[in-house]
Amino acid sequence: METRTVVSEFTGTALLVLFGVGSLVLAGDYINALGISLAFGFILIALAYAFGRISGCHINPAVTLGMLLAGRMDIRRAVQYWVAQLVGGIVGAAVLYLLAKQVPRLRTYEAFGSNGYGGRSPVGIGAGGAFLAEVLLTFLLVFVFLTVTQKVTLSGIEPVPIGLALAAVNLVGIPLTWTSVNPARSLGPALFAGGGALSQLWLFLVAPLVGGVLAAVVHRFTHVHPAAQAEERATEPRPGPWGRMRGGHRPETGGPEAKGPEAA
């Protein structure tokens, strides 16, 4: 099971970078910010349905950190996820780089879908603003992830709101920083872009993790923690013999037991 989950996280992250960042690098001039945002959202939904029942399809170290702080996984498993995600992001970026090099006159140096602030931001946002934006955008993504799920894995329609959240944060974040909200998504492209992308990488590794921590803290106050939920179930009154509740009440009526003739 550990092998399956690690391979799922590695493969999912590689595909997210290949197709998500690929939509920016290869098709950005044709689909613009809206199309790129939808591409990220759609690929996450598809991957979540493919890998959600195996690993939860976190494919994002910030999400895994949120799950760890929420008490849904242990540190050993989280470290395995982080390694798989970071390596997957690099491999996905490497495949995309090979593909991009086949396109004539396509610039990759200091570009290649990497994140940035200052002169590397579409709107010129500074480092402080970029840090705040990435924290808030990641907070939304991780908070939604924690809210719509009850455990590590995904099931049912849970991938849909998560994918919509990623599309929404990209719509806001692309003009600001090209949207990271995922250290694995930022690491791979920056390694191949070089230059300013590498010197600014620290922000897009740290800020999403801060956003993940913030989401886990807020979620603990707004939603019942799994341990508390189990304790709450354990303290609920249970039916006694013949369907009576403790205290002499029937569960179907909620009132006192009917008295027999001898008590009349």
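Scroll up for the structure.
Note that this is a predicted model, so its numbers are computed, not measured. (Residues numbered from 1 in each chain as written. Predicted model: local features only at pLDDT ≥ 70, side-chain atom pairs only at ≥ 80, totals over all residues. Heavy atoms only, no water.)

Computed from the structure, the largest pocket encloses a volume of approximately 550 Å³. Lining the largest pocket are 23 residues, and of these Leu24, Val25, Asp29, Leu106 and Ala111 sit closest to its centre. When residues in the lining of the largest pocket are grouped by element, the largest group, ten residues, is from helix H1 (residues 2-51). (1 Å grid on protein atoms, 1.4 Å probe; cavity = no way out; pocket = protein on both sides within 12 Å on 5 of 7 lines; lining within 4 Å. Points joined across faces, edges and corners; volume = space filled by probe spheres on them. Helix = DSSP H or I, 4+ residues; strand = E, 2+ residues; numbered from the N terminus.)

Take the packing of helix H3 (residues 75-100) against helix H6 (residues 183-193) next. In the contact formed by H3 and H6, the axes pass within 8 Å of each other and the chain directions differ by 45°. In terms of their interaxial angle, H3 and H6 are classed as oblique. Along this stretch, H3 crosses H6, giving a crossing that reads as right-handed. Of H6, the residues touching H3 (which contributes Gln85, Leu86, Gly89, Ile90, Ala93, Ala94 and Tyr97) are Pro183, Ala184, Leu187, Gly188, Pro189, Leu191 and Phe192. Among the residues forming the contact of H3 with H6, the class breakdown is eleven nonpolar, three polar and no charged. (Axes fitted to C-alpha atoms, helices over the stretch in contact; angles between N-to-C directions. Parallel < 35°, antiparallel > 145°, perpendicular 65-115°, else oblique. Left-handed = near helix turned anticlockwise from the far one by under 90°. Contact = heavy atoms within 4.5 Å. Nonpolar A, V, L, I, M, F, W, Y, C, P; charged D, E, K, R; others polar.)

Another aspect to go through is empty space enclosed by the protein. In the structure shown here, the tally under the stated rule is one cavity of 30 Å³ or more. When its volume is computed, the largest cavity comes out at roughly 130 Å³. At the level of secondary structure, the elements contributing two or more residues to the lining of the largest cavity comprise H1, helix H4 (127-148) and helix H5 (159-177). The biggest single contributor to the lining of the largest cavity is H1, with three residues. Of the residues assigned to the lining of the largest cavity, the class counts are nine nonpolar, six polar and one charged.

The tendency in soluble globular proteins is for nonpolar side chains to be buried side by side. One finds Leu47, Cys57, Met73, Phe112 and Leu166 to be the most contacted residues of the largest nonpolar core, which totals 49 residues. For this core, the elements supplying multiple residues, two or more each, are H1, helix H2 (61-69), H3, H4, H5, H6 and helix H8 (201-222). In terms of residue count, H1 provides more of this core than any other element does, twelve residues in total. Setting aside residues up to four positions removed in sequence, Cys57 forms contacts with Glu9, Leu47, Ala48, Phe51, Gly52, Phe145 and Leu154. Judged by nonpolar contacts, the second largest core, of seven residues, contains Tyr117, Ile125, Ala130 and Phe204. (Core = buried A, V, L, I, M, F, W, Y, C linked by side-chain atoms within 4.5 Å. Buried < 20%, exposed > 50% of the residue type's maximum accessible area, 1.4 Å probe, protein only.)

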